[in-house]
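What follows is the residue order along each chain.
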Amino acid sequence: MNAAVATSVFGAFMVLTVVLGLLAVRRKGTEKGRPAGLSEWSVGGRSLGTVFIWVLMAGESYTSFSYLGAAGWGYNSGAPVLYVLAYMSCGYALGYVVGPMLWAYARRHGLVGITDMIAHRYRAPWLGAAVALLATVCLLPYIQLQITGMGVVVSTISYGAISIDWAYFLSFAVTTGFVVISGLRGSAWVSVLKDVLVIGTLGFLAVYVPLHYFDGYGPFLDRLVAEKPQWLTFPGHDSGGLGQVWFVTTTLVNSLTVVIFPTTVAGYLGARNAEALRRNALYLPFYNVLLFVPMLLGMAALFVVPGLTGADSNLALFRMVVDSLPAWAVGLVGVAAALSSIVPMAVFMLVIGTMWGRSVLGAIPRLNKGAAGAASGDGGGEAAGGRQKLWSQLVVVGAGALALLLTYTAPDTLVRLSLISYEGMAQLVPMLLLGLVWRRLTLHAAVSGLVAGFTLVCVLVFGGHDPVWGMNAGIVGLAVNVAVALAVTWLGPRAADGRPDAEVLALDDEFPWDGVPSRGAPVSPPASS
């Protein structure tokens, strides 16, 4: 009976999720009587207001990690998990400046992602394709992790009635279905539902669990301090040396990375205007307060369900939920956790599809024969835009299917790649951000720095040297990246680029934050980019 009730609640909300995606595309399915183009599908037509941008970008930060990993870290180690709150808050502060800058640059030149921006900045379409490949390697593990996370949640809240393999497939099918049809706008609509459930369930659990198991926070914290003090100080319990230096360096490198992460940039580019991004940067940290809940409840689970080891420790929160709540409530918590997998996974898949549809497949002339112009999706190159949207949708299905297949057959492959996901993406920071504010950074310098930094990160991480000297390997790689880029800029060849600064750099005076260009309308990129 419990399994039937919880599964029914879960199934009803999955149907509602698909319906929301369909309603989103039905409302904005056409642009001036024509089929919606790549811009509408990939960045919501650049028309999302403050509320939708807030729930979308909050949805990216609340993944299955919020219910599984955060509780698991709290259960296993304690204090080091607070790095998540630190780097997100710092990243939002950086996003106050970086978000409007990237939004204005992309809108002015009709761009739809970081690969587009890089190809346009350095006048090198091949570089956009190379970055798309690198970013895909770093993003695929996140899709696999969300599939795995949702599978674990669904199997647990159904009391084992739904096998974990079927739960994996359900995660893939629901997410692929609505993101292919409705794109970023559908993810934003579903994020509204997800955020209502996340706020409601975590708020309830924050009150219920301490009262139910410990008679309140006072007795719980007194017991934690008395019996588990090492969980409350760095480097935590059995964390492998994740001390203060690691905490600071990880916060720094992750806060830099999160503002240029392809999924974050997709949220930036979906905004109606830059002011919505600035307000969003002010509001998002308030949402992060909720992350304290699974972290604390993970430590509470030490006394309620002791002895969890390995991957089972990630189920610390759900073991308490299943143990103490009625089936319908278990179903609601499971839906919130499942949507926390589906929404970010949808954006990861959409971003991979957009990068490949635009910068890789869309840049091959014979694949786009008969579609003239550079597709910006903003009015120019309509035929090419439609073709690139089709390629992007096909890649979404392919990327999701690949992640699902590897989840079944070789999960360790993507798990190992996930070790370098954030540190690897950090190596794009100089190429993108430094390149958009400093014209002297050359193509050779940017590529040399990227190769040096990414190679060093791979050597350190896969060689078992992360952290190195107590520091996050990503910050070491980033330092080498910048040093190499500066050295090659000053000592290497200087390529001639006759374009004006407004074409190359992100300049506020060329595109004010109110979204109205000072000279002319936003222009589409040249065919070469």
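Quantities reported herein were computed from a predicted structural model and do not represent experimental measurements. (Residues numbered from 1 in each chain as written. Predicted model: local features only at pLDDT ≥ 70, side-chain atom pairs only at ≥ 80, totals over all residues. Heavy atoms only, no water.)

**Here's the deal with the overall build of the protein chain**
The helix and strand inventory of the protein chain stands at 23 helices and 2 strands. When the 529 residues of the protein chain are sorted by exposure, 58% land in the buried category. Within the protein chain, residue pairs in contact and separated by at least 24 positions form 83% of the contacts whose partners lie at least 6 positions apart. Of the accessible surface of the protein chain, which amounts to about 19800 Å², a share of 67% is contributed by carbon and sulfur atoms. (Helix = DSSP H or I, 4+ residues; strand = E, 2+ residues; numbered from the N terminus. Buried < 20%, exposed > 50% of the residue type's maximum accessible area, 1.4 Å probe, protein only. Contact = heavy atoms within 4.5 Å. Areas by Shrake-Rupley, 256 points an atom, 1.4 Å probe, with all protein chains shown as cover.)

**Things to note about helix H21 (residues 443-462)**
Compared with the 28 Å implied by 1.5 Å per residue over 20 residues, the 28 Å span of H21 between its first and last C-alpha is a close match. Burial in H21 covers these residues: Ala445, Ala446, Gly449, Leu450, Gly453, Phe454, Val457, Cys458, Leu460 and Val461. Lining the buried residues of H21 we find helix H7 (114-122), helix H8 (125-157), helix H19 (421-426), helix H20 (429-437) and helix H22 (473-491). (Expected span 1.5 Å × (residues − 1).)

**Thoughts on the environment of Ala399**
Among the secondary structure elements, Ala399 is positioned in helix H17 (residues 382-409). For Ala399, a relative accessible area of 9% corresponds to the buried category. With 223 residues separating them in the primary sequence, Ala399 and Thr176 have C-alpha atoms 9.7 Å apart. The contact partners of Ala399, leaving out residues within four places of it in the chain, are Leu140 and Ile352.

**Things to note about the confidence of the model for the protein chain**
Mean pLDDT over the protein chain: 85, with 88% of residues reaching 70 or higher. Per-residue pLDDT stays below 50 along residues 29-34; that stretch engages in 9 contacts with residues further than four places along the chain or on separate chains. When the criterion is pLDDT under 50, residues 509-529 qualifies, and its contacts beyond four places in sequence or with other chains add up to 51 contacts. (pLDDT = per-residue confidence, 0-100.)

**Structural notes on the packing of aromatic side chains**
For the coordinates displayed, the defined rule picks out 18 aromatic pairs. A ring pair is formed by Tyr142 and Phe348, whose centres lie 5.3 Å apart and whose planes are at 35°; its orientation type is tilted. Of the two residues, Tyr142 sits in helix H8 while Phe348 sits in helix H16 (residues 327-360), which places them 206 residues apart along the sequence. Each member of the pair Tyr142 and Phe348 is classed as buried. Arranged with centres 6.5 Å apart and planes meeting at 65°, the rings of Tyr142 and Tyr422 form a pair that is edge-to-face. Of this pair, Tyr142 sits in helix H8 while Tyr422 sits in helix H19, and the two are 280 residues apart along the sequence. (Phe/Tyr/Trp six-rings, centres within 6.5 Å; stacked < 30°, edge-to-face > 60°.)

**Points about a nonpolar patch on the surface**
On the surface, Val15, Leu16, Val19 and Leu23 cluster together to form a nonpolar patch covering roughly 310 Å² of accessible area. Looking at the element boundaries, Val19 is found in helix H1 (residues 2-27). (Patch = residues over 30% accessible without salt bridge, like charges linked within 9 Å, V, L, I, M, F, W, Y side chains within 5 Å. Salt bridge = Lys/Arg side-chain N within 4 Å of Asp/Glu carboxyl O.)

**Overview of the nonpolar core**
What tends to happen in soluble globular proteins is that the nonpolar side chains get buried as a cluster. Counting 168 residues, the largest nonpolar core has Tyr67, Leu102, Met117, Ile143, Leu428 and Met431 as the members making the most contacts within it. Not counting chain neighbours up to four residues away, the residues in contact with Ile143 comprise Met345, Phe348, Met349, Ile352 and Ala403. (Core = buried A, V, L, I, M, F, W, Y, C linked by side-chain atoms within 4.5 Å.)

**Considerations on the packing of H8 against H21**
Packing of H8 against H21 brings their axes to within 13 Å, and their N-to-C directions diverge by 20°. The angle between H8 and H21 falls in the class roughly parallel. Note on packing geometry: the crossing formed by H8 with H21 is left-handed. Across the interface between the two elements, Trp126, Leu127, Leu134 and Cys138 from H8 touch Leu443, Val447, Leu450 and Phe454 from H21. Within the contact of H8 with H21, the residues separate by chemical class into 8 nonpolar, no polar and no charged. (Axes fitted to C-alpha atoms, helices over the stretch in contact; angles between N-to-C directions. Parallel < 35°, antiparallel > 145°, perpendicular 65-115°, else oblique. Left-handed = near helix turned anticlockwise from the far one by under 90°. Nonpolar A, V, L, I, M, F, W, Y, C, P; charged D, E, K, R; others polar.)

**Considerations on the pattern of salt bridges**
Here the structure, examined in full by the defined rule, presents 8 salt bridges. The salt bridge partner of Asp501 is Arg439, with a shortest N-O separation of 2.7 Å. Of this pair, Asp501 sits in helix H23 (residues 501-504) while Arg439 sits in the loop between H20 and H21; the two residues are 62 residues apart in sequence, bridging distant segments of the chain. Here Asp501 falls in the partly exposed class, since its relative accessible area comes to 39%.

**What about the packing of helix H15 (residues 316-324) against H16?**
Viewed as axis vectors pointing N to C, H15 and H16 meet at an angle of 155°, and their least axial separation amounts to 9 Å. One element, H15, and the other, H16, form an angle in the roughly antiparallel class. Contacts from Phe318, Val321 and Val322 in H15 reach Val330, Val333, Gly334 and Ala337 in H16. Looking at side-chain class alone, the contact of H15 with H16 contains 6 nonpolar, 1 polar and no charged residues.

**Some points on the side chain of Lys194**
Inspection of the secondary structure puts Lys194 in helix H9 (residues 164-214). Relative accessible area serves as the criterion here: at 0%, Lys194 is assigned to the buried category. At 3.0 Å, the side chain of Lys194 forms a polar contact with the side chain of Asp195. (Polar contact = N/O pair within 3.5 Å; in protein donor to acceptor, adjacent residues only side chain to side chain.)

**A short note on the environment of Gly110**
Position of Gly110 among the secondary structure elements: in the loop between helix H6 (83-109) and H7. As for Gly110 and Ser39, which are separated by 71 residues in sequence, their C-alpha atoms are 8.8 Å apart.

**Regarding H15**
Residues of H15 that are buried include every one of Ala316, Leu317, Phe318, Met320, Val321 and Ser324, and no others. Those residues of H15 that are buried lie in contact with helix H4 (64-67), helix H5 (69-76), H8, H9, helix H14 (292-304) and H16.

**Focus: unusual backbone geometry**
In this structure, the amide linkage connecting Phe234 to the following residue, Pro235, adopts the cis form with an omega of 5°. With a phi angle near 50°, Arg123 is a residue other than glycine that sits in the positive phi range. For Arg123, the position within the fold is in the loop between H7 and H8. The class for Arg123 is partly exposed, based on a relative accessible area of 43%. Despite not being glycine, Asp215 shows a phi value in the positive range, around 65°. Inspection of the secondary structure assignment puts Asp215 in the loop between H9 and helix H10 (217-227).

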